[in-house]
Amino acid sequence: MRAVRPRLRPLAIAVLALGLSSNACKDRSATGELASPDDAAEFESQYRKAFDDDYTPQGVNLMGRAPNDVLDQQLFAERLGFADVLMKVQVQQVFGKGRYQGRQDQYVAVALGDVILGSLPDGVEEEQLLVVKGEDELPADLSGDTLLLFLKWAPGEVPSYHHHLMPADEGTLEMIEAMVKHAQEVGVLNADGEVIEGRKRRKKGRGGDNGAKPSDATLPDDDPPA
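Residues numbered from 1 in each chain as written. Predicted model: local features only at pLDDT ≥ 70, side-chain atom pairs only at ≥ 80, totals over all residues. Heavy atoms only, no water.

**Comments concerning the overall build of the protein chain**
Looking only at helices and strands, one finds 4 helices and 6 strands in the protein chain. Starting at the N terminus, the α and β elements of the protein chain follow one another as α-β-α-β-α-β-β-β-β-α. The burial tally for the protein chain puts 43% of its 226 residues in the buried class. For the protein chain, the computed accessible surface area is about 12,700 Å², with 49% contributed by carbon and sulfur atoms. (Helix = DSSP H or I, 4+ residues; strand = E, 2+ residues; numbered from the N terminus. Buried < 20%, exposed > 50% of the residue type's maximum accessible area, 1.4 Å probe, protein only. Areas by Shrake-Rupley, 256 points an atom, 1.4 Å probe, with all protein chains shown as cover.)

**Section: the sheet that holds strand E2 (residues 85-95)**
Two pairing modes exist for strands in a sheet, parallel and antiparallel, and in both the strands are linked by backbone hydrogen bonds. Spatial strand order, E1-E6-E5-E2-E3-E4: 6 strands in an open sheet with mixed pairing. Unpaired on one side and paired on the other, strand E1 (54-55) and strand E4 (127-132) mark the two borders of the sheet. Here 6 bridges tie E2 to strand E5 (residues 146-153), and the two strands are oriented antiparallel to one another. When the sheet's bridge partners are listed, Val 85 is paired in E5 with Leu 151. Each of E2, strand E3 (106-117), E5 and strand E6 (161-167) touches helix H2 (residues 67-82); the most contacted strand, E5, lies at about 65° to it. This element, helix H4 (residues 170-185), spans E2, E3, E5 and E6 of the sheet and lies at about 40° to E3. (Pairing = 2+ DSSP bridges. Contact = heavy atoms within 4.5 Å. Axes fitted to C-alpha atoms, helices over the stretch in contact; angles between N-to-C directions.)

**Observations concerning the pairing of E2**
With 9 of 11 residues buried, E2 is to be regarded as a mostly interior element. Relative to E3, E2 runs antiparallel, the two sharing 8 bridges. If you follow Val 94 over to E3, its bridge partner there is Val 108.

**A word on the pairing of E5**
For E5, the tally of buried residues reaches 7 of 8 residues, placing the bulk of the element in the interior. Taken together, the 7 bridges between E5 and E6 define a ladder with antiparallel strand orientation. Across the sheet, Leu 148 pairs through a bridge with Met 166, a residue of E6.

Coordinates in, geometry out; function isn't part of it.
Okay, here's the thing in structure tokens:
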């Protein structure tokens, strides 16, 4: 696990927060802010439930049969299958600036870690500030924890992506690694976890598929949809 880095200085936090509220047309690559690449596809409304700019405090129960477990499994599969980038991040600081202004927004300062799927644009700085819009207050002891960050690009929005955060527990990581390895073996992903050119996701048609990705594998003990 990456060593815990010092807390961001107030000035650094202020600069990062300012970047989140700046004009969408600003060239963010010059500042190192996390932003969608030029060739990113438009963010579609169907992804909003999975990429909800929120945090899940517990790992997904892959064996659970309760309604909540099944819903979590479905959302996890969507995040894994549709994410442009999946990576580990380490929490450096949590604060609720938005809540002091009568909004629900909270902020998480993170250090970007290993990329599991996809790739980041060039010039992205290691330290980033993520907005969390959930109703629940983030745990005060989250600093130092390693989380999974699912990213879906949203060009034209501010910030130009949507995300979801969840704990990087051992069971979930093992399952993701196994699925990624399988996708690499069958030629869907390359060694860096990127979709191989020519195997991009296709629109689902009659008698066709939508392009294999790691989430196309059935979750453990998960019955196929009726």
